[in-house]
Amino acid sequence: MRTAEPLPAGAARAAALRRAGAACGCAALGYLAARAVFTALAGALLAMRVPGASLANPAGTGLAEAILLQAAVSALSLAAPFALLPLAGTPPASNGFRRLGAEAKAGLFLLFWLLMMAGNLLAGALTGGQNTASRMELPAGGLALAAAWLAVCLVPAVGEELLFRGLLQGWLRPFGPVVAVAGPALLFGLLHGRLSAVVAGLFGGLALGLAAAASGSLVPGMVFHLYNNTLAFAGQYCQQYGAPPLVSYILMFLPPLAALAFAPWRALPARKRGRLRGQGRDWLCLLRSPGYLAALAVLAALSVYKTIGG
């Protein structure tokens, strides 16, 4: 019997990339499925105390306790896709942590800030300047406000970086920087729901992916992500309670102005010759991965539904 000939390097690379793309798509959809399951379980627990209660309507539960339960649902949902590790394989180790100087850190932060501002401006243009995002109603203060910051700022900043820039970007890292950064960023953006939020999420995902790729660490992205979430949190609080927006303006403009003092234009790592060669072909190969393409289709359909249906 004639034995099968081994795949040539190009075909083997394409097959491995399609498998990694499928793992990324399954992880994104797995996060959505886990969130639905954990939300239902949390609602069932609340309903055992007060019939008819749910996570959206936590009757009979203290405000801080209800918000902490939402934070737990988010954390468990973000952790659930890591169950795919035995099937998809452990992501490769990073390219190595690079100890960044003050200039490099400032440069990465400015790049992140500029991309986030561009994404937010474009999202605002799509909605005519009106914020249509669905957000948690923030408490006025006390323990409940601290719990809300934990739920909407800290948990997503840490959990989403571990999932998207750690797990998903790790699976795609062997196939080059463009695929590794853009592949998870597209899924990350679509998971944000409405079109305006998708645009902002896509720009943010690209910026955070670049931070992880440039530093070899998830810590800068977690810090940048937490900064962005806290900025949005402060802005919503000021708008909701009619507070002077001074804190929001300080958070928005003081850090990038401080970063400019470190001459970041000399700090960004120089692009190595040949690193981007063939990345166009790899990107097209990723888009032909059935698992990745199916996830994009599902998430895009959900985004259209939320955008049109409100």
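Attention here is on the structure that accompanies the text. (Residues numbered from 1 in each chain as written. Predicted model: local features only at pLDDT ≥ 70, side-chain atom pairs only at ≥ 80, totals over all residues. Heavy atoms only, no water.)

1. Some points on the packing of helix 6 (residues 177-190) against helix 10 (residues 279-287)
Two numbers describe how helix 6 lies on helix 10: the axes approach to 9 Å, and their chain directions differ by 35 degrees. The hand of the helix 6/helix 10 crossing is right-handed. Here Pro177, Val178, Val179, Ala182, Gly183 and Leu186 of helix 6 lie close against helix 10, whose contacting residues are Gln279, Asp282, Trp283 and Leu286. In terms of residue class, the contact of helix 6 with helix 10 is built from 7 nonpolar, 2 polar and 1 charged. (Axes fitted to C-alpha atoms, helices over the stretch in contact; angles between N-to-C directions. Helix = DSSP H or I, 4+ residues; strand = E, 2+ residues; numbered from the N terminus. Left-handed = near helix turned anticlockwise from the far one by under 90°. Contact = heavy atoms within 4.5 Å. Nonpolar A, V, L, I, M, F, W, Y, C, P; charged D, E, K, R; others polar.)

2. Overview of the packing of aromatic side chains
Under the defined criterion, the tally for this structure stands at 6 aromatic pairs. Seen in terms of ring centroids, Phe109 and Tyr227 are 5.2 Å apart; in terms of plane orientation they differ by 70 degrees. Their pairing is edge-to-face. Of this pair, Phe109 sits in helix 4 (residues 102-126) while Tyr227 sits in helix 8 (residues 219-241); the two residues are 118 residues apart in sequence, bridging distant segments of the chain. By the burial criterion, Phe109 is buried, and Tyr227 matches it. By the ring-pair criterion, three or more aromatic residues cluster together here, those being Phe109, Phe112, Phe224 and Tyr227. Over the face of the ring belonging to Phe188 we find Arg165, whose NZ or CZ atom lies 4.5 Å from the ring centre. (Phe/Tyr/Trp six-rings, centres within 6.5 Å; stacked < 30°, edge-to-face > 60°. Buried < 20%, exposed > 50% of the residue type's maximum accessible area, 1.4 Å probe, protein only. Lys NZ or Arg CZ within 6 Å of the ring centre and 35° of its normal.)

3. What to know about the side chain of Glu161
Here Glu161 lies in helix 5 (residues 142-172). Of the polar contacts made by the side chain of Glu161, one reaches the side chain of His225; its length is 2.8 Å. Those residues within four positions of Glu161 in sequence are excluded, and the remaining contacts are Pro156, Gly166, Leu208, Leu218, Gly221, Met222 and His225. (Polar contact = N/O pair within 3.5 Å; in protein donor to acceptor, adjacent residues only side chain to side chain.)

4. Focus on the pattern of salt bridges
Here the idea is simple: oppositely charged side chains can pair when their charged atoms come close. On inspection of all chains with the given rule, the structure shows 3 salt bridges. Close ionic contact of Glu65 with Arg49 constitutes a salt bridge, the shortest N to O distance being 3.4 Å. With Glu65 in helix 2 (residues 63-79) and Arg49 in helix 1 (residues 9-49), this residue pair connects regions lying 16 residues apart in the sequence. For Glu65, a relative accessible area of 42% gives the class partly exposed. Between Glu161 and Arg165 there is a salt bridge, with its nearest N and O atoms 2.7 Å apart. (Salt bridge = Lys/Arg side-chain N within 4 Å of Asp/Glu carboxyl O.)

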